[in-house]
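Chain by chain, the residues run as shown.
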Amino acid sequence: MSRLPGKACLITAAASGIGRAGCELFAREGARVVAVDCDAARLHYVVAGIRATGGEARGVVADLLDPAACQRAAQEAASLLGGIDVVWNHAGMSSTRTLDALDLDDYGRCMDLNVRSAMVVTAAALPYLRRQGGGSVVLTASVAGLIGLPESPAYNAAKAAVLGLMRSLAIRHARDGIRVNAVCPGPIDTPMLQGYLGTSEGDEGKARLRRALAPVPMRRLGRPEEVAHAALWLASGDASYVTGVALPVDGGYVAG
Ligand SMILES: NC(=O)c1ccc[n+]([C@@H]2O[C@H](COP(=O)([O-])OP(=O)(O)OC[C@H]3O[C@@H](n4cnc5c(N)ncnc54)[C@H](O)[C@@H]3O)[C@@H](O)[C@H]2O)c1
């Protein structure tokens with residue numbers, strides 16, 4: 001039995017990594033997906049792949065650093081799908097500048113993409129979720145929302161803010177039948193993590209990977225699909241009494 005039969009789902013940052021895995025999984029589970037990303041070429045490729053295997057997907061190109069584009073993307077998704085049942089706000093970016101190299105533009109982008117885009121997309125989707133009589137919102141935080149990472153103060157602040165936003169929305173919109181939860185991935189094997197670890201091959205690359213895995217009891221990177229499955233559960237009726245939850249998908253990272 002499919003878990004999101006006919007559900008109208010909007011997923012941001014959908015052209016790569018975890019968001020792409022989410023679009024593919026949600027479509028396999030019967031959802032009608034609108035995939036939002038700023039990378040038009042990759043988005044087209046992802047949407048075409050889903051349709052080629054019989055899934056329902058459309059792409060909306062939007063730079064989610066722009067609040068007007070966030071609003072337009074949600075409205076376009078609603079008009080393409082005839083409503084919205086599920087929103088997965090996955091867009092975000094990391095920042096590895098410490099305060100010794102304080103860069104407020106970098107801080108602003110990090111906050112805007114991780115927090116503001118989720119806030120504006122959700123606000124624009126709310127009337128549609130209410131019209132359906134309820135729905136589910138999933139936000140992508142990170143283990144960085146739950147514990148301190150000394151090299152990433154802006155990212156830490158942004159992901160903690162994502163969790164604050166999630167809890168506020170969960171309480172406020174429970175009465176509308178809208179559940180709001182977050183996934184908190186540990187290190188997941190995607191282009192974003194590869195960018196963070198650096199592209200260096202050989203000993204230096206191996207040492208960076210070892211350092212990244214040192215706090216992970218399972219001693220391996222996660223796969224994008226493993227986060228997508230957690231988001232699917234939160235989005236689906238299987239989690240019908242679950243709201244306000246920050247779910248680590250981290251190989252045991254935050255338990256350590
Ligand atoms: N990969 C990890 O280890 C990890 C861990 C914890 C949390 N996360 C979170 O997952 C999310 C993305 O990570 P990923 O690993 O799937 O990355 P990814 O690099 O595979 O994909 C990121 C996607 O975001 C899109 N994007 C970037 N800027 C955008 C913008 N301004 N507007 C619209 N789209 C934009 C890119 O085009 C790309 O398709 C972020 O919220 C990140 O904080 C990732």
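Rules behind the numbers
- Residues numbered from 1 in each chain as written.
- Predicted model: local features only at pLDDT ≥ 70, side-chain atom pairs only at ≥ 80, totals over all residues.
- Heavy atoms only, no water.
- Buried < 20%, exposed > 50% of the residue type's maximum accessible area, 1.4 Å probe, protein only.
- Helix = DSSP H or I, 4+ residues; strand = E, 2+ residues; numbered from the N terminus.
- Pairing = 2+ DSSP bridges.
- Core = buried A, V, L, I, M, F, W, Y, C linked by side-chain atoms within 4.5 Å.
- Contact = heavy atoms within 4.5 Å.
- Near = heavy atom within 4 Å.
- Areas by Shrake-Rupley, 256 points an atom, 1.4 Å probe, with all protein chains shown as cover.
- Nonpolar A, V, L, I, M, F, W, Y, C, P; charged D, E, K, R; others polar.
- Axes fitted to C-alpha atoms, helices over the stretch in contact; angles between N-to-C directions.
- Parallel < 35°, antiparallel > 145°, perpendicular 65-115°, else oblique.
- Left-handed = near helix turned anticlockwise from the far one by under 90°.
- Salt bridge = Lys/Arg side-chain N within 4 Å of Asp/Glu carboxyl O.

## Some thoughts on the pairing of strand 2 (residues 32-37)
Looking along a regular strand, one sees the side chains alternate between the two faces of the sheet.
Stage number 1. A large share of strand 2 lies buried, amounting to five of its six residues.
Stage number 2. Sheet analysis places strand 1 (residues 8-12) next to strand 2, joined by five bridges and oriented parallel. Note on strand 2: the bridge partner recorded for C9 is V33.
Stage number 3. Pairing between strand 2 and strand 3 (residues 56-61): six bridges, direction parallel. If you follow A35 over to strand 3, its bridge partner there is G59.

## Observations concerning the nonpolar core
Stage number 1. Grouped together as the largest cluster of nonpolar side chains are 45 residues, with contacts concentrated most on L10, V36, L64, V87, L139 and V180.
Stage number 2. Of all the secondary-structure elements, those providing two or more residues to this core are strand 1, strand 2, helix 3 (67-81), helix 4 (104-131), strand 5 (135-140), helix 5 (153-173) and strand 6 (178-185).
Stage number 3. A per-element tally of this core places helix 4 first, with 11 residues.
Stage number 4. Those residues within four positions of L64 in sequence are excluded, and the remaining contacts are T12, A13, V36, C70, A91, L113, S117 and V121.

## A closer look at the site of the ligand
Stage number 1. Neighbouring the ligand are 29 residues, the closest being S16, D37, H90, Y155 and T190.
Stage number 2. Isolated, the ligand exposes 820 Å² of accessible area, and the fraction of that covered by the protein chains is 89%.
Stage number 3. Taken together, the elements giving at least two residues each to the shell around the ligand come down to helix 1 (17-28), helix 5 and helix 6 (191-197).
Stage number 4. Element by element, the count of residues in the shell around the ligand is highest for helix 6, at three residues.
Stage number 5. For the shell around the ligand, the class distribution of residues is 17 nonpolar, eight polar and four charged.

## Let's talk about the packing of helix 1 against helix 8 (residues 224-235)
Stage number 1. Contact pair helix 1 / helix 8: the axes reach a minimum separation of 8 Å and the direction vectors enclose 55°. On the basis of the axis angle, helix 1 is oblique to helix 8. The interaxial crossing formed by helix 1 with helix 8 has right-handed handedness. Note on element contacts: helix 8 touches helix 1 through P224, E225, V227, A228, H229, A231, L232 and A235, opposite G17, I18, A21, G22, L25 and F26.
Stage number 2. Residues that form the contact of helix 1 with helix 8 fall into these classes: 10 nonpolar, three polar and one charged.

## Details of the environment of A57
Stage number 1. Mapping A57 onto the fold places it in strand 3.
Stage number 2. Other than its neighbours up to four places away in sequence, A57 contacts V33, V47, I50 and R51.

## Topic: the pattern of salt bridges
Stage number 1. Evaluation of the coordinates by the stated rule reveals nine salt bridges.
Stage number 2. The salt bridge involving D238 is made with R3; its shortest N-O contact spans 2.8 Å. Taken together, the residues D238 in the loop between helix 8 and strand 7 (246-249) and R3 in the segment before strand 1 connect sequence positions 235 residues apart.
Stage number 3. Judged by relative accessible area, D238 falls into the partly exposed class, the value being 47%.
Stage number 4. Two residues, R223 and E226, come together in a salt bridge whose shortest N-O distance is 3.3 Å.
Stage number 5. You can call R223 partly exposed: its relative accessible area is 43%.
Stage number 6. Residues joined by salt bridges that share partners form a network here, namely R220, R223, E225 and E226.

## Observations concerning the sheet that holds strand 7
Stage number 1. Across the sheet, which stays open at both edges, the seven strands sit in the order 3-2-1-4-5-6-7 with parallel pairing between neighbours. At either margin of the open sheet sits one strand with a lone partner, and together these are strand 3 and strand 7. Adjacent strand axes in the sheet meet at a mean angle of 20°, parallel and antiparallel pairs treated alike.
Stage number 2. Contacts from helix 1 reach strand 1, strand 2, strand 3, strand 4 (86-89) and strand 6 within the one sheet, and its direction differs from that of strand 1 by about 170°.
Stage number 3. On top of the sheet, helix 5 reaches strand 5, strand 6 and strand 7; it is set at about 160° to strand 6, its chief contact.

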